Amino acid sequence: MHEKIIILDFGSQTTQLIARRIRELNVYCEILPYNKMPLDDADVIGVILSGSPFSVYDEKAFRIDLSTIRGRYPLLGICYGAQYIAYANGGSVEPAGTREYGRAHLTKFDSQNPLLHGISEGSQVWMSHGDTITAIPDSFRTIASTEKVAIAAYQIADEKVWGVQFHPEVFHTVEGTRLLQNFVVGICGAHQDWSTASFIDTTVANLKATLGNDKVVLGLSGGVDSSVAAVLLNKAIGRNLTCIFVDHGLLRKNEFQNVMRDYEGLGLNVVGVDASAKFFAELEGVTEPERKRKIIGKGFIDVFDEEAHKISDVRWLAQGTIYPDCIESLSITGTVIKSHHNVGGLPEKMNLKLCEPLRLLFKDEVRRVGRELGMPEHLINRHPFPGPGLAVRILGDITREKVEILQNADDIFIQGLRDWGLYDKVWQAGVVLLPVQSVGVMGDERTYERAVALRAVTSTDAMTADWAHLPYEFLAKVSNDIINKVKGVNRVCYDISSKPPATIEWE
Ligand code: XMP
């Protein structure tokens, strides 16, 4: 395996960011729940304690036994992590008079300290805590203060233990990456050799060793995660991997054919299944969004299961699960819940072992792996698309005729975004077919036809999103094209709601 930094998660919102920053330094790291410190992992070279929503003196606060870490690995506590180390050693932590949020600057600064090498006096840091360390034990040395916080950073004398009350992982701590680099490289001795290429080599070797000659099935969706997982597995086990791509009839216009062509071009052993008749039959007359999702989720499992059974002796089910999915399901405070499990229950139903080669990667790392594997850019940069597809973009019941109208309008919008160089500037876009008709006039004729809404958002993780401020000229062109070319539509609206309180999809 590979040398790694362990980040023990005490529930802070920014724990993932710590991992991001460290991986950007080409150092491999893993986030684990605060109480899951591995005791016998020879690859660990250092430990970081994250922030937390709790105060160290709260009854419910998460506590750990620091003696399993101190003296064995270099240790850095961030915010709560720093407060916890101080508190657990007899220091005092108290509510801060004024809650200490926002920008501050490092003063009284020990530039000789290895944690602070190369950082400038007065450097801006980001504070975000309701508590503050008011006294540290004798063995602790303050190594930096800010205007309001005397003990902004400390080290335990003669030990490789540091604490910082500010957040080096956030953007507003201007030299935060330098501080993390000082810790992981300067202090822990990381070699900075964790790269996309080394990830691919190690993963392919591990997959070969784990899977041997076993057969594996994988459900492709056209999305980047499952596609990259498939290409990686293909590299490891070739024809022993069978990919199944189910067309539920609710994909974008020509998507099934285009994506199948891409997959075949990548040399994947892929079975495309047109199951649209089954899905349309089961969805007939169904208007309730959650029922649509359930029908499609179950239908997908049935079709996938049936196809997988045609291959003899399958042992494994591979999935494109990525790191944020895993962290969410590990979430110790229970606040983050993955909202869309399309195929939950599939592994159990099929009685297969799970193989998740991307489970340690963030989304942009998945994209970099895809590029390194030679996948085409349009597959890698594809917008997210919901598993139930256009079913959740047709408000009300679903018919083939409505799907066709929506596919045509959506195609004009998406193609337009590409032509105008806007596709990569938005997180996600699509058209929604509304369950209303309105009056219009075309030539001398009065029309009474459908309305569609265009939806385009900017976002970084789909948890929050803003409506994309697309140019008026572009919107005007798309609106004209849709009304002129898509029979059955005479009105186009643009959705200007952000999430929250709206969601990205309308259903
Ligand atoms: P919302 O509408 O909740 O969507 O703001 C957030 C993100 O999730 C996608 N989405 C889904 N993805 N199955 C999926 O695989 C679903 O049922 C589903 N519903 C929404 C949505 O497109 C956006 O990217």
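Residues numbered from 1 in each chain as written. Predicted model: local features only at pLDDT ≥ 70, side-chain atom pairs only at ≥ 80, totals over all residues. Heavy atoms only, no water.

Novice: Just to check I follow, could you spell out the sheet that holds strand β2 (residues 29-33) for this structure?
Specialist: Pairing between the strands of a sheet is mediated by backbone hydrogen bonds and can be parallel or antiparallel. Reading across from one edge, β2-β1-β3-β4-β9-β8-β7 is the order of the 7 strands in this open sheet, with mixed pairing throughout. Where the open sheet ends on each side, the last strands, each with one partner, are β2 and β7 (140-144). Between one strand and the next, the sheet's axes are offset by a mean angle of 25°, whatever the strand orientation. Strand direction decides the pairing type here: β7 and strand β8 (residues 153-156), joined by 4 bridges, are antiparallel. Its bridge partner being in β8, Thr142 is matched across the sheet by Tyr154. (Pairing = 2+ DSSP bridges. Helix = DSSP H or I, 4+ residues; strand = E, 2+ residues; numbered from the N terminus. Axes fitted to C-alpha atoms, helices over the stretch in contact; angles between N-to-C directions.)

Novice: I would appreciate a short explanation of the pattern of salt bridges in the present structure.
Specialist: Here the idea is simple: oppositely charged side chains can pair when their charged atoms come close. Summed over the entire model, instances satisfying the criterion amount to 23 salt bridges. Linking Glu24 and Arg20 is a salt bridge whose minimum nitrogen-to-oxygen distance equals 3.9 Å. Pair noted here: Glu24 and Arg20 are both in helix α1 (residues 15-24), with a separation of 4 residues, about one helical turn. With relative accessibility at 44%, the residue Glu24 sits in the partly exposed group. Taking the shortest distance from any N to any O, the salt bridge between Asp364 and Arg20 comes out at 3.1 Å. (Salt bridge = Lys/Arg side-chain N within 4 Å of Asp/Glu carboxyl O. Buried < 20%, exposed > 50% of the residue type's maximum accessible area, 1.4 Å probe, protein only.)

Novice: Quick question: what am I supposed to make of the packing of helix α5 (residues 224-237) against helix α11 (residues 363-372) here?
Specialist: At a minimum axis distance of 10 Å, the contact between α5 and α11 shows a crossing angle of 45°. With respect to α11, the element α5 is oriented oblique. Viewed along their axes, α5 and α11 form a crossing whose handedness is left-handed. Packed against α5, whose contacting residues are Val224, Asp225 and Val228, the element α11 presents Lys363, Val366, Arg367, Val369 and Gly370 at the interface. Tallied by class, residues from the contact of α5 with α11 come to 4 nonpolar, 1 polar and 3 charged. (Parallel < 35°, antiparallel > 145°, perpendicular 65-115°, else oblique. Left-handed = near helix turned anticlockwise from the far one by under 90°. Contact = heavy atoms within 4.5 Å. Nonpolar A, V, L, I, M, F, W, Y, C, P; charged D, E, K, R; others polar.)

Novice: Looking at this model, I keep getting lost on the nonpolar core. Mind explaining?
Specialist: One broad rule of soluble globular proteins: the nonpolar side chains tend to lie buried together. One finds Val217, Leu250, Phe413, Leu417, Leu454, Leu470 and Ile482 to be the most contacted residues of the largest nonpolar core, which totals 52 residues. With 8 residues, helix α13 (residues 400-419) is the single largest residue contributor to this core. Excluding residues that lie within four positions of it along the chain, Leu454 makes contacts with Phe413, Gly430, Val431, Leu475, Val478, Ile482, Val492, Cys493, Tyr494 and Asp495. (Core = buried A, V, L, I, M, F, W, Y, C linked by side-chain atoms within 4.5 Å.)

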